[in-house]
Amino acid sequence: MKVAVIGGGIGGLSAALQFLKVGLDVHVYEQAPHIAEIGAGIQISPNASRLLLRLGLRAAMDAAGTRPRAVHQRRWDDGRTLQRAPLGPEVEATFGAPYYHFHRADLANLLADALPQGRLHVGHKLVGLEQKGEHVIARFENGATVEADLLVGADGIHSRVRGLVFGPEKPRFTGCVAWRGLVPAERITHLGLEIASHSWLGPDAHVVHYWVSGVRMMNVVCVVEHGDWTDESWTDKGEVADVLARFEAWHPTVRSLIGAFPETFIWALHDRAELPSWSAGRVTLLGDACHPMLPMMAQGAAQSIEDGAALAMLLKAMPEDIPGALARYEAVRKPRATKLQQASAANRKRFHLPDGAEQRARDEAMATSGDRSIANIGWLYAHDAAEVL
Ligand SMILES: Cc1cc2nc3c(=O)[nH]c(=O)nc-3n(C[C@H](O)[C@H](O)[C@H](O)COP(=O)(O)OP(=O)(O)OC[C@H]3O[C@@H](n4cnc5c(N)ncnc54)[C@H](O)[C@@H]3O)c2cc1C
């Protein structure tokens, strides 16, 4: 079976590796001239890392990734612990795979490097597609055309494939704006920050930070409500002074981290309404192309990796019935992806509560039966997306 994957992000690259593993003839077409993830971090939880480990990537992931010991959520002003749960050996022992933190470029490159030569075609921007009988013909801006038995749109939140198949519809600005910074370790040695996933919750904002690149860099993301920035490019520069001003009353650790930014970038967070269907004929979608979500569950990329694993297993099981495999793919994946879209949106509210009764009730719930405890997070981390039959 010939499969064309459009988009060489984390979703597209990992799907291609999973498709190859089950014997499909897969090629990836990426619009950019080379694989270039932005300079930021990404958390990969065991539900996704177990799927990548099965691709033989353990050594590369251990070399590039950082293994956090805990998740630590704190209050914005006095730094009081709201919730602390293990993410280290206990999580690996319980769920059979580690929790990793990566620099995004490291993760994208290790996936791209695992693809056999000649499978990844950069400089290929999809501009059109046509379904003819049992084939899909993809057209690229550079004049190339490709024929495949199945085309998978892994081309992100602005998916061209989604637009071509389901008609134009714009992503929605959520009202949240993120500033990010990568802080060299030597600038913050005095803060003594442990290797963990840290977050700080406060009125109308939260801050997440964790070590990447062999603990040489701290990845910091500051998300605020009511931002007036609506551009969605990870490479638009912001002003460190603006971030400091917005977090003026926050805990000194948060302010020290922001003050140590060599530079900052600003990004408006978008999402999309749930799609009624992900597939049409021999074209389907995965990852942000079909279920973009806010980052408050740290699951967007993880879900794209799960999509690829599920689709690979179904195509292997039903090679003579691609539309049937796609129907089953949607049936098994959509409820979980939609649940995570909703959980992410709910966490946005929960993380950003103003101080008051609701915030106190949230803090009480986090302290007594935290949602990140091993007992409560099993529904997310224990899931094996390859078990689809
Ligand atoms: C602040 C923030 C923090 C996050 N943190 C996490 C986290 O910790 N853990 C996690 O799991 N998720 C996280 N996410 C979500 C995650 O970044 C995304 O869900 C994930 O990157 C989506 O991967 P994708 O491959 O579907 O799409 P993308 O990464 O957008 O990749 C799409 C690819 O398709 C290419 N493309 C686009 N159009 C075309 C075309 N016409 N032709 C050819 N190629 C094309 C693009 O160039 C790109 O390479 C976070 C998101 C944000 C905003």
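The preceding data block contains the structure.
Overview of the structure.

Here we come to the overall build of the chain. Along the backbone of the chain there are eleven helices and 18 strands. A compact globule built from 389 residues would reach a C-alpha radius of gyration of about 21 Å, and the chain, at 21 Å, matches this within 12%. Projected onto its principal axes, the C-alpha positions of the chain cover 65 × 40 × 40 Å. Burial status across the chain gives 58% buried among its 389 residues. Expressed as a percentage of contacts within the chain between residues at least 6 apart in sequence, the contacts between residues at least 24 apart total 76%. Per element, the accessible surface of the chain, about 15,500 Å² overall, is 52% carbon and sulfur. Here the chain carries 40 positive and 44 negative side-chain charges, and the mean point of each set is 2 Å from the other.

Strand-to-strand pairing in sheets goes through backbone hydrogen bonds, with the strands running parallel or antiparallel. Here we have three strands laid out as an open sheet, ordered S8-S9-S10, and antiparallel in their pairing. A single partner strand is all that each edge strand has here, and the edge strands are strand S8 (126–132) and strand S10 (145–148). On average, each strand axis in the sheet is tilted by 20° relative to the strand beside it, whichever way the strands run. Here six bridges tie S8 to strand S9 (residues 135–140), and the two strands are oriented antiparallel to one another. Within S9, the residue paired with Gly 128 across the bridge is Arg 139.

In this section: the nonpolar core. Core analysis: the largest hydrophobic core is formed by 70 residues, its most contacted members being Phe 19, Ile 44, Phe 102, Leu 107 and Leu 111. For Ile 44, the residues in contact, after removing those within four places along its chain, are Ser 49, Pro 98, Tyr 99, Tyr 100, Phe 102, Leu 107, Ala 301 and Ile 305. Membership of the second largest hydrophobic core comes to 26 residues, among which are Ala 205, Phe 247, Trp 250 and Phe 261.

The next point concerns the packing of helix H8 (residues 300–317) against helix H9 (residues 322–351). The contact between H8 and H9 brings their axes to 9 Å, and the two run at 160°. With respect to their mutual orientation, H8 and H9 come out roughly antiparallel. Of the two possible hands of crossing, H8 and H9 adopt the one that is right-handed. Between H8 and H9, the contacting residues are Gln 303, Glu 306, Asp 307, Ala 310, Leu 311, Leu 314 and Leu 315 on the first element and Ala 325, Leu 326, Arg 328, Tyr 329, Val 332, Arg 333, Arg 336, Ala 337 and Leu 340 on the second. Broken down by class, the residue content of the contact of H8 with H9 amounts to ten nonpolar, one polar and five charged.

A few words now on H8. Compared with an ideal rise of 1.5 Å per residue, which puts 18 residues at 26 Å, H8 spans 26 Å between its outermost C-alpha atoms and is within 8% of the ideal. Along H8, 15 of the 18 residues are buried, which leaves the element largely enclosed by surrounding structure.

Attention now moves to the packing of aromatic side chains. Centre distance and the angle of the planes are the two values used to describe a pair of aromatic rings. Under the defined criterion, the tally for this structure stands at seven aromatic pairs. Measuring from centroid to centroid gives 5.3 Å for Tyr 100 and Phe 102, while their planes differ by 25°, and the two rings are stacked. By the burial criterion, Tyr 100 is buried, and Phe 102 matches it. Here the aromatic cluster, defined as three or more aromatic residues joined through ring pairs, consists of Trp 76, Phe 247 and Trp 250. Over the aromatic face of Trp 379 sits the side chain of Lys 339, whose NZ or CZ is 4.2 Å from the ring centroid.

What counts and how
Residues numbered from 1 in each chain as written. Predicted model: local features only at pLDDT ≥ 70, side-chain atom pairs only at ≥ 80, totals over all residues. Heavy atoms only, no water. Helix = DSSP H or I, 4+ residues; strand = E, 2+ residues; numbered from the N terminus. Rg over C-alpha atoms; globule rule 2.2 N^0.38 Å. Buried < 20%, exposed > 50% of the residue type's maximum accessible area, 1.4 Å probe, protein only. Contact = heavy atoms within 4.5 Å. Areas by Shrake-Rupley, 256 points an atom, 1.4 Å probe, with all protein chains shown as cover. Lys, Arg positive; Asp, Glu negative; His and termini not counted. Charge placed at Lys NZ, Arg CZ, Asp CG, Glu CD. Pairing = 2+ DSSP bridges. Axes fitted to C-alpha atoms, helices over the stretch in contact; angles between N-to-C directions. Core = buried A, V, L, I, M, F, W, Y, C linked by side-chain atoms within 4.5 Å. Parallel < 35°, antiparallel > 145°, perpendicular 65-115°, else oblique. Left-handed = near helix turned anticlockwise from the far one by under 90°. Nonpolar A, V, L, I, M, F, W, Y, C, P; charged D, E, K, R; others polar. Expected span 1.5 Å × (residues − 1). Phe/Tyr/Trp six-rings, centres within 6.5 Å; stacked < 30°, edge-to-face > 60°. Lys NZ or Arg CZ within 6 Å of the ring centre and 35° of its normal.

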